[in-house]
Amino acid sequence: MVTNEERLTMSDKVVTRFAPSPTGYLHVGGARTALFNWLLARRAGGKFILRIEDTDQKRNTPTAAKQVMDDLKWLGINWDEGPEAGGPNGPYLQSQRKDIYDKYIQKLLDEKKAYYCFDTAEELDALRQKAEAQKKNLNYPRPEKFPDEADAQKARDEGRPVTVRFAVPQDDPIVVRDVVRGEITFAAGEIGDFIILKSDGFPTYNFACVVDDYLMEITHIIRGQEHLNNTPGQQSLWQALGFGEPPNYAHMSVTISDTGGKLSKRERPAALRKAVREMQDIDLDKLAEVASLSREELDVFLDGERTPDMPVIDKLAEFLKVPLPEINIVDFFKSGYLPETMVNFLALLGWNPGDDREIMKIDELIEAFDISRLTKSNSLFDRQKLLAFNTEHIKMAPTEKLLGHFKDYLKVIDSPMIAADDELLSRIIKLCEGARTLAQIEQKSRFLFLDDDKIEYDDKAVKKVLLKGNGLENLALVRDRLAAMSELSEQTIEDMLRGLAEEKQVGLGKVAQPLRVALCGTTVSLPIFDSVQLLTKDRTLTRIDQTIKIVEGKATAGGI
RNA sequence: GGCCCCAUCGUCUAGGCAGGUCUAGGACACCGGGUUUUCAACCCGGCAACAGGGGUUCGAAUCCCCUUGGGGCUACCA
């Protein structure tokens, strides 16, 4: 039996890569792919390369590459070669490697292993439909005689699109050796000739990726199962180009959404659409204004025809207070998850260390990582389990580290708590022991940083705690006792509240909860004794008075 | 439709390649109880799975075949 250790030292230096197309933020699936490649490289003491696959002129957004890199950095996934880092195999943006690809395209053309095509989109469509009628996939009819350079020039002059197709060898079956799935055989003739150079002069993914993997000396490619069907074609190209042994492929399972199907970034707009449809009396004009969309653009989106950019979706959701499922890595950041949580959780989606360990630090993950333990079957992204993981990681994290994460979080959500100093934030964090997300810590304590007149009273809380039973009366009593106190500490506040509860023959909750609602407007906050002490006596009294006034007013007006 | 992949508790999974030690282990969720100034956290207990059918074998969750189910791909996207 070959151990993981032996396998790693037996092989040459391991080189892996993550090759995202910069179409938006890094999403969970991409992060997982990046992570596995990174873990393998780190485990083996090899190299991890970041390569940006931006050969599609239509889909790239200018900021996307930076967004992806920011998200990788947040996760702690660093790259040895790539944009920003540099390296001997650059450039690392495929759009800047055109001359390299041209050279290899020309080589295939010269060797009659590829040929020019001049079909229009309509002509291809017709071919595809014909194939469909015969219940087959389109297998492009290769011409008997390949067009030559003169033909290509003529087509260009006539304004016809000029592409290049790879002539896939049709005589033998193609066997792909996959680390997680074993040997997969594609029958001879199954893989049709595919386009390697687009009419805009850029190579297709299937071509660029083969050339770059070769030139960058990639030894292991871990990617999603959705690429499995590309592999025979790529492997075939690898051979035609004379690149020798292809790299080790490992096709991971796909991450499935709890709504069914592959986890996709389309889910956020879809969730928003659904929520808007289910809502009544929304002012659509106002809504459009909030997102700085025209009313028409909004309608188009709501009809499901087109989707605006993510920041617009976020704005709409925020305005409507609709929680959207987190899909992109930044979404999780903004929801108060720790990067350690994401790395740990993602690593366990389709991989496990082989023992009962689940909560693991990054170092442990690296130490335990073994590519042969990748799982074959698809897995569902379980948000509840993710929450449990986050709870554990918050619990585990040293205060200083947590403080750092918390400050990052406050910044990204633009919280009024940014104003607080480290000492105060540390105390707050300690008071929130057991919190599941950084968001919960913020929500429990932000009332301390709001102006007294900016407190929003939650209707349900007011009804349940102040209007039912003796809530208001108890609050008034608390006010009097508090006003009479000279020294305020958690202990004296506790003594006062407990004493009062005992006198009234009620549980502590009956006096503590009305006070809590008066301070922060909701039933959830930091422990009450600390809350009062931190807010100070004067401001506590102010808020109590304000609350009594507002609630009594509402009650007599029959508003509640 | 064609091609490809997959199949253990509700979910993530261990076990499978080297068949017996599996009356199938862990975690999350769920249910019941405890603790409690809120939300959490925490403690104790419980429920819960080898998709179905055929083989092979003394013996199958484990090997083979079929069925069913799920997923992926099927672009001048990656």
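Residues numbered from 1 in each chain as written. Chains lettered and ligands numbered in written order. Predicted model: local features only at pLDDT ≥ 70, side-chain atom pairs only at ≥ 80, totals over all residues. Heavy atoms only, no water.

### Things to note about the overall build of chain A
Threshold: Labels follow the DSSP assignment, with helices taken as runs of H or I lasting at least four residues and strands as runs of E lasting at least two, numbered in each case from the N terminus. Per-residue accessibility, obtained with a 1.4 Å probe over protein chains only, is compared with the maximum for each type, and a residue is labelled buried under 20%, exposed over 50%, and partly exposed between these values. Whether two residues are in contact is decided by their heavy atoms: any pair within 4.5 Å suffices. Think of it this way: Lys and Arg go in the positive column, Asp and Glu in the negative one, and His and the chain ends go nowhere. Every charge is mapped onto a representative atom, which is NZ of Lys, CZ of Arg, CG of Asp or CD of Glu.
If you tally the helices and strands in chain A, you get 25 helices and 11 strands. A principal-axis box enclosing the C-alpha atoms of chain A has dimensions of 100 × 60 × 40 Å. Residues counted as buried form 48% of the 560 residues belonging to chain A. Pairs at least 24 residues apart make up 75% of the contacts formed inside chain A by residues separated by at least 6 positions. The averaged location of the 91 negative side-chain charges in chain A is 2 Å from the averaged location of its 76 positive side-chain charges.

### Some words on the protein's contact with RNA strand B
Put simply, the rule reads: We call a residue near a given molecule or strand whenever any one of its heavy atoms falls within 4 Å of it. Any pair of nitrogen or oxygen atoms within 3.5 Å is treated as a polar contact; in protein, a donor-acceptor pairing is required on top of that, and neighbouring residues in sequence qualify only through side-chain atoms on both sides.
Not every one of the 64 residues close to RNA strand B is listed here, only the nearest: N137, R181, K198, E358 and K444. Take D119: an N or O atom from its main chain is 2.8 Å from a base nitrogen of RNA strand B. Here L348 contributes a backbone N or O atom positioned 3.5 Å from a sugar or linking oxygen of RNA strand B. Of all the secondary-structure elements, those providing two or more residues to the surface near RNA strand B are α5 (121-133), β6 (182-186), β11 (379-380), α16 (383-396), α23 (508-520) and α24 (528-535). Per-element accounting of the surface near RNA strand B gives the leading share, six residues, to α16.

### Details of the pairing of strand β4 (residues 163-166)
Side-chain direction in a regular strand flips from residue to residue, so the side chains alternate between the two faces of the sheet. Test applied: At least two bridges found by DSSP between two strands are what make those strands a pair.
Here β4 shows two buried faces, one formed by T163 and R165 and the other by V164 and F166. Two elements, strand β3 (residues 114-117) and β4, share four bridges in a ladder whose sense is antiparallel. Note on β4: the bridge partner recorded for Y116 is V164. Where β4 and strand β7 (residues 194-197) come together, three bridges link them in antiparallel fashion. Note that in β7 the partner of R165 across the bridge is I195.

### Remarks on the sheet that holds β7
Rules: Here the axes come from fitting lines to C-alpha atoms, over the contacting stretch only for helices, and the angles between their N-to-C directions go from 0 to 180 degrees.
A sheet is described by the order of its strands in space; here three strands give the open sequence β3-β4-β7, paired in antiparallel fashion. Two strands bound the open sheet, and with one partner strand each, they are β3 and β7. Strand after strand, the sheet turns through a mean of 45 degrees between neighbouring axes, direction not considered.

### What to know about the nonpolar core
The condition that has to hold: The term nonpolar core refers to a set of buried residues drawn from Ala, Val, Leu, Ile, Met, Phe, Trp, Tyr and Cys, joined through side-chain atoms within 4.5 Å.
Counting residues in hydrophobic clusters, the biggest one holds 52 residues, and the most contacted among them are F406, L438, L497 and L515. Per element, the largest residue contribution to this core is seven residues, and it comes from α23. Those residues in contact with L438 that sit more than four places away from it in its chain are G336, L338, I394, L402, H405, F406 and Y409. In terms of nonpolar packing, the next biggest core, distinct from the first, is built from 51 residues, F18, I52, W351 and M360 among them.

### Focus on the pattern of salt bridges
Worth spelling out the cut-off: Between Lys or Arg on one side and Asp or Glu on the other, a salt bridge is scored when a side-chain nitrogen of the former is within 4 Å of a carboxyl oxygen of the latter.
Tallied over the full model, the rule gives 39 salt bridges. For E111, the salt bridge goes to K107, with nearest N and O atoms at 3.6 Å. Residue E111 is classed as partly exposed on the basis of its relative accessible area, which comes to 37%. Between D422 and K407 there is a salt bridge, with the nearest N and O atoms lying 2.8 Å from each other. Placement of D422 in helix α18 (residues 422-431) and of K407 in helix α17 (residues 399-413) is noted, with a sequence separation of 15 residues between them.

### Section: the packing of aromatic side chains
Cut-off, in case you're wondering: Note on aromatic contacts: the rings of Phe and Tyr and the six-membered ring of Trp form a pair at centre separations within 6.5 Å, being stacked when their planes are under 30 degrees apart, edge-to-face when over 60 apart, and tilted otherwise. A ring is scored as having a charge over it whenever the NZ atom of a lysine or the CZ atom of an arginine sits within 6 Å of its centre and within 35 degrees of its normal.
Per the stated rule, a full pass over the model turns up 16 aromatic pairs. With 6.4 Å between their ring centres and 15 degrees between their planes, Y116 and F118 make a pair best called stacked. The class of F118 is buried, set by a relative accessible area of 18%. Of the aromatic side chains, those joined through ring pairs into one cluster are F332, Y337, F345, F381 and F389. The ring of Y140 is capped by R165, whose NZ or CZ atom sits 3.8 Å from the centre of that ring.

### Section: unusual backbone geometry
The peptide bond linking G90 to P91 adopts the cis configuration, its omega dihedral lying at -5 degrees. Following the sequence through the fold, P91 ends up in the loop between α3 (64-75) and α4 (98-110). Of note, D414 is a non-glycine position whose phi angle comes to about 60 degrees, a positive value. Looking at the element boundaries, D414 is found in the loop between α17 and α18. Overall, the relative accessible area of 62% leaves D414 in the exposed class.

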